[in-house]
Amino acid sequence: MTEQSQGPALDNLLTESRTFPPSDEFAAAANAGADMYAAADADREAFWAAQAERLHWDTKWDQVLDWSDAPFAKWFVGGKLNVAYNCVDRHVESGHGEQVAIHWEGEPGDTRTITYNDLLAQVSKTANALTELGLQAGDRVAIYMPMVPEAIFSMLACARLGLTHSVVFGGFSAEALRSRIEDAAAKLVITTDGQYRRGKPAALKPAVDEAVAQTPTIEHVLVVKRTDTEVAWTEGRDIWWNDLVDKQSDKHTPEAFDSEHPLYILYTSGTTGKPKGILHTSGGYLTQASYTHHNVFDLKPDTDVYWCTADIGWVTGHSYIVYGPLSNRVTQVVYEGTPNTPNEGRHWDIVQKYKVSIYYTAPTLIRTFMKWGKDIPAGYDLSSLRVLGSVGEPINPEAWIWYRENVGAGRAPIVDTWWQTETGAIMISPLPGVTSTKPGSAQRALPGISAKVVDDQGNEVPHGGGGYLVLDKPWPSMLRGIWGDNERYRDTYWSRFAEQGFYFAGDGAKYDNDGDIWLLGRVDDVMNVSGHRISTTEVESALVSHPTVAEAAVVGATDPTTGQGIVAFVILRGDAADGGDDAVKALRDHVAKEIGPIAKPRQVMVVPELPKTRSGKIMRRLLRDVAENRSIGDVTTLADSSVMDMISQGLNKGSED
Ligand code: PRX
């Protein structure tokens with residue numbers, strides 16, 4: 001085990017030993033029963049074939065899984081389907097056109113109600129518009145938008161046409177957008193004039209203008225008017241959504257694509273400075289997104305109102321706002337804004353208003369709600385809630401219990417769902433009608449999925465032991481590679497346990513005495529800030545790109561609200577100022593500009609030296625000790641142990657918001 005697995009979750013382990021079985025009533029009506037595990041174990045491929053049958057295929061597959069070219073999987077080989085047809089048209093055809101697909105709630109309080117009939121019309125118009133722009137199956141489209149319905153129409157229109165979308169989180173910088181457009185050679189960007197954030201409109205298009213000035217592959221910028229913000233305009237390149245999409249026919253005939261046709265690329269941080277374009281394809285991805293959404297959230301399409309609070313800029317938004325839920329004919333809430341606008345009861349107001357029955361969010365938000373106090377949710381009628389979900393980072397037992405009691409009235413099962421951008425869909429989670437849940441544990445691999453905790457040698461550890469989390473069998477929604485870089489795909493995920501053929505997830509984990517899995521955080525140089533993955537190297541690269549910085553080292557330090565906070569140690573150049581407040585502020589702002597505000601360091605400490613081993617490797621463990629105010633451990637491998645004294649003394653120079 002490497003040092004980082006000794007994270008916050010470990011300290012909290014075993015502080016809560018109660019288990020929470022579902023009520024008999026819940027279990028009796030649940031979509032998934034205990035027999036599902038046995039069915040999957042008996043014949044894995046037949047099990048997945050049965051899950052794929054939940055979708056509409058234009059051509060049935062000949063083979064469930066082709067793993068002959070491992071680690072490049074093919075699922076449902078020879079099958080053809082249209083992903084958007086599965087998420088939209090077939091629900092209209094089965095007589096549910098009047099069912100609400102999306103209750104959209106804008107941050108200022110404006111609303112839109114979108115039925116499946118409406119969704120079909122809008123997705124068809126958007127598809128016709130993209131065709132008019134000359135886009136063809138296989139082309140890439142960047143989507144850089146806030147949480148407006150047009151973002152979902154755009155994703156589905158791409159899927160419908162076989163265009164591969166690359167959604168870039170609207171909080172990322174122009175530079176982050178530029179590098180992603182360039183890597184995928186996208187031809188179109190879809191964006192908005194601006195977005196509402198904390199009650200105020202903020203411009204978004206200027207970042208697109210800056211990015212596309214340097215990306216020759218972009219032919220057009222399609223702009224949705226959201227905030228009526230004045231924007232610069234490049235004639236011939238820029239097109240208003242209303243001018244192009246509104247005039248289109250609302251009829252469009254979908255074409256079937258190969259099961260392995262690329263559906264989307266989503267960039268995520270790795271251990272180097274360059275984000276990885278995670279590639280997902282169609283049939284296997286939709287099968288698992290749909291299956292997990294149906295069973296883990298126990299979705300009853302005729303009666304439930306589902307709400308996932310993620311942004312479509314992250315994989316959770318792809319799999320659990322767009323593809324999983326819509327394939328299951330969900331009625332869902334999509335909310336544009338922040339949880340404390342206009343006040344800290346906004347989420348509970350929305351739950352009460354739409355009678356939300358399934359609510360899926362991140363531990364960082366639950367801890368924020370805890371901080372705001374239980375009186376806030378207590379002021380609303382939350383009795384509609386019947387399933388609660390958590391994703392993105394380990395949830396500490398205290399937050400889990402708070403969530404259960406103050407949001408779920410001590411009744412709604414909590415599903416702590418472990419997965420990754422790379423896995424495409426949930427892998428480890430309780431089944432709400434089956435599992436006796438344990439606060440803080442994601443518990444067991446879902447039926448059809450296989451996960452193990454192994455030691456350095458790849459041997460499974462005994463119950464009670466800790467090690468590396470690996471996935472030892474291919475799964476339908478697994479990534480099919482890193483866009484344009486097969487070598488990096490092998491290296492990153494398959495080289496650590498090459499001999500065994502395990503996918504290494506980058507997480508540390510442990511089995512408890514019952515064999516349930518507890519996630520312990522990343523064991524690599526990836527930080528998890530508010531459930532968002534940020535690489536230490538990426539932040540270091542941003543820092544050293546500033547003219548005043550000679551060297552930088554970044555660590556993720558435990559943070560009571562965000563899970564981890566970014567702490568940077570920098571050595572300034574000889575001719576730079578000595579690290580006063582202005583210099584520190586400039587560096588924090590610089591990182592926000594280079595990557596996005598989510599990567600802004602919580603603290604920047606100006607230091608004279610960095611602790612390095614004799615071979616020159618920065619000792620992040622020591623820096624983490626300093627950042628977390630722990631007494632400094634073993635420094636015998638340090639080239640110059642007086643460095644740590646200097647750093648500790650410089651600690652109070654840091655800047656914090
Ligand atoms: O470290 C794990 C953590 O988030 C990482 C994946 O991040 P990302 O690709 O951005 O996807 C986030 C949403 C799926 C994992 O390697 N993680 C995610 N869910 C959990 C978790 N850690 C513990 N418990 C979870 N439920």
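Residues numbered from 1 in each chain as written. Predicted model: local features only at pLDDT ≥ 70, side-chain atom pairs only at ≥ 80, totals over all residues. Heavy atoms only, no water.

**Student:** Give me the lowdown on the site of the ligand, citing residues and values where you can.
**Tutor:** In the vicinity of the ligand lie 16 residues, with Asp416, Thr417, Thr421, Asp507 and Arg522 positioned nearest. Between Gly392 and the ligand, the recorded distance is 3.1 Å, taken from a backbone N or O atom to a nitrogen atom. One of the side-chain nitrogen or oxygen atoms of Asp507 is found 2.8 Å away from an oxygen atom of the ligand. Summarising the interface, the protein chains cover 96% of the accessible area of the ligand, which totals 540 Å² for the free molecule. Mapped onto the shell around the ligand, the elements with two or more residues apiece are β20 (414–417) and β25 (517–522). Within the shell around the ligand, the residues separate by chemical class into five nonpolar, six polar and five charged. (Near = heavy atom within 4 Å. Polar contact = N/O pair within 3.5 Å; in protein donor to acceptor, adjacent residues only side chain to side chain. Areas by Shrake-Rupley, 256 points an atom, 1.4 Å probe, with all protein chains shown as cover. Helix = DSSP H or I, 4+ residues; strand = E, 2+ residues; numbered from the N terminus. Nonpolar A, V, L, I, M, F, W, Y, C, P; charged D, E, K, R; others polar.)

**Student:** Can you tell me about the sheet that holds strand β19 (residues 387–391), naming the residues and giving the values?
**Tutor:** Sheet architecture is open: seven strands sit in the order β5-β4-β17-β16-β18-β19-β20, paired in mixed fashion. The outermost strands of the open sheet, each flanked by one partner alone, are β5 (111–115) and β20. The mean angle between the axes of side-by-side strands here comes to 20 degrees, regardless of whether they run parallel or antiparallel. The pairing of strand β16 (residues 306–308) with strand β17 (residues 332–335) spans two bridges and is parallel. The residue of β17 that forms the bridge with Tyr306 is Gln332. Contacting β4 (100–105) and β5, helix α6 (residues 116–132) crosses the sheet at an angle of about 90 degrees to β5. Its contacts with the sheet place helix α14 (residues 363–372) against β18 (358–361) and β19, and it is angled at close to 100 degrees to β18. (Pairing = 2+ DSSP bridges. Axes fitted to C-alpha atoms, helices over the stretch in contact; angles between N-to-C directions. Contact = heavy atoms within 4.5 Å.)

**Student:** Could you give me a rundown of α14, with the residues and numbers involved?
**Tutor:** With respect to burial, α14 is a largely interior element, seven of its ten residues being buried. Residues of α14 that are buried include every one of Pro363, Thr364, Leu365, Ile366, Arg367, Thr368 and Phe369, and no others. Along its buried surface, α14 packs onto α13 (346–354), β18, β19, α16 (397–406) and β29 (563–572). After α14 finishes, the residue Gly373 shows a positive phi value of roughly 110 degrees. (Buried < 20%, exposed > 50% of the residue type's maximum accessible area, 1.4 Å probe, protein only.)

**Student:** Can you explain α16? Please cite residues and give values.
**Tutor:** Burial within α16 is extensive, with seven of its ten residues counted as buried. For α16, the full list of buried residues reads Pro397, Ala399, Trp400, Ile401, Trp402, Tyr403 and Arg404.

**Student:** Please give an account of the pairing of β5 that cites residues and values.
**Tutor:** Pairing analysis gives five bridges linking β4 to β5, with the strands arranged antiparallel. For His103, the partnering residue across the bridge sits in β5 and is Thr113. Here β4 hands over to β5 after five residues, with Gly109 in that stretch at a positive phi of 110 degrees.

**Student:** Give a description of the confidence of the model for the protein that names residues and reports values.
**Tutor:** In this model, the protein carries a mean pLDDT of 92, and residues with pLDDT of at least 70 account for 92%. Within the model, the stretch residues 1–14 combines pLDDT values under 50 with 31 contacts to residues more than four positions away or in other chains. Every residue in residues 651–657 scores below 50 in pLDDT, and together they form 16 contacts with partners more than four places removed in sequence or on other chains. (pLDDT = per-residue confidence, 0-100.)

**Student:** Describe the nonpolar core, with residues and values.
**Tutor:** Leu119, Leu130, Leu156, Tyr323, Leu326 and Leu469 are the most contacted members of the largest nonpolar core, which has 118 residues in total. The element that contributes the greatest number of residues to this core is helix α7 (residues 149–161), accounting for nine residues. In this structure Leu326 touches Asn86, Cys87, His91, Ala101, Tyr116, Leu119, Ile152, Leu156, Ile321 and Gln332, once residues within four positions along its chain are discounted. (Core = buried A, V, L, I, M, F, W, Y, C linked by side-chain atoms within 4.5 Å.)

**Student:** With reference to specific residues and values, describe the sheet that holds strand β23 (residues 481–482).
**Tutor:** If you trace the eight strands from one edge of the open sheet to the other, you get β12-β11-β8-β6-β7-β14-β15-β23, paired in mixed fashion. The sheet terminates laterally at β12 (238–240) and β23, the two strands that pair on one side only. Bridge count between strand β6 (residues 140–144) and strand β7 (residues 164–167): four bridges; the pairing is parallel. Across the sheet, the residue bridging to Arg140 is Thr164, located in β7.

**Student:** I'd love a proper account of the packing of aromatic side chains, names of residues and values included.
**Tutor:** Scanning all chains against the criterion turns up 37 aromatic pairs. Relative to Trp48, the ring of Phe47 lies with its centre 5.5 Å away and its plane at 75 degrees, an arrangement referred to as edge-to-face. A relative accessible area of 0% places Trp48 in the buried class. Each residue in the set Phe47, Trp48, Trp57, Trp61, Trp75, Phe76 and Tyr291 is aromatic and connected to the rest through ring pairs, giving one cluster. Directly above the aromatic system of Tyr37 lies the positively charged group of Arg444, at a separation of 4.2 Å from the ring centroid. Positioned over the ring face of Tyr468 is Arg496, at 5.0 Å from the centre of the ring. (Phe/Tyr/Trp six-rings, centres within 6.5 Å; stacked < 30°, edge-to-face > 60°. Lys NZ or Arg CZ within 6 Å of the ring centre and 35° of its normal.)

**Student:** Give me the lowdown on the packing of helix α5 (residues 83–96) against helix α12 (residues 315–327), citing residues and values where you can.
**Tutor:** In a packed pair of helices, the relevant descriptors are the angle between the two axes and the axis-to-axis distance. One can describe the packing of α5 onto α12 by two numbers: an axis separation of 8 Å at closest approach and a directional angle of 50 degrees. For the element pair α5 / α12, the angle class is oblique. Crossing angle aside, the handedness with which α5 passes α12 is left-handed. Together, Val83, Asn86, Cys87, Arg90 and His91 of α5 and Tyr323, Leu326 and Ser327 of α12 make up the contact between the two elements. The residue inventory of the contact of α5 with α12, partitioned by class, reads four nonpolar, three polar and one charged. (Parallel < 35°, antiparallel > 145°, perpendicular 65-115°, else oblique. Left-handed = near helix turned anticlockwise from the far one by under 90°.)

**Student:** Which residues make up the side chain of Lys510, and what values do they have?
**Tutor:** Here Lys510 is to be found in strand β24 (residues 503–511). Among buried charged residues, Lys510 stands out as having no salt bridge; its nearest opposite-charge side chain is Asp512, 8.0 Å away. Here the side chain of Lys510 touches Gly464 through a polar contact of 3.3 Å, landing on its backbone oxygen. (Lys, Arg positive; Asp, Glu negative; His and termini not counted. Salt bridge = Lys/Arg side-chain N within 4 Å of Asp/Glu carboxyl O.)

**Student:** Break down the domain arrangement of the protein for me, with residues and values.
**Tutor:** Per the domain assignment, the segments of the protein are domain 1 (75–338) and domain 2 (530–648). Measuring from the centre of the C-alpha atoms in domain 1 to the corresponding centre in domain 2 gives 36 Å. Taken together, the contacts link 16 residues of domain 1 with 14 residues of domain 2. For the pair domain 1 and domain 2, the summed buried surface comes to about 1,000 Å²; carbon and sulfur atoms form 48% of the total. A salt bridge links Glu210 to Lys593, with the shortest nitrogen-to-oxygen separation between them at 3.7 Å. (Domains from an automatic or database assignment. Buried area = accessible area lost by both parts, 1.4 Å probe.)

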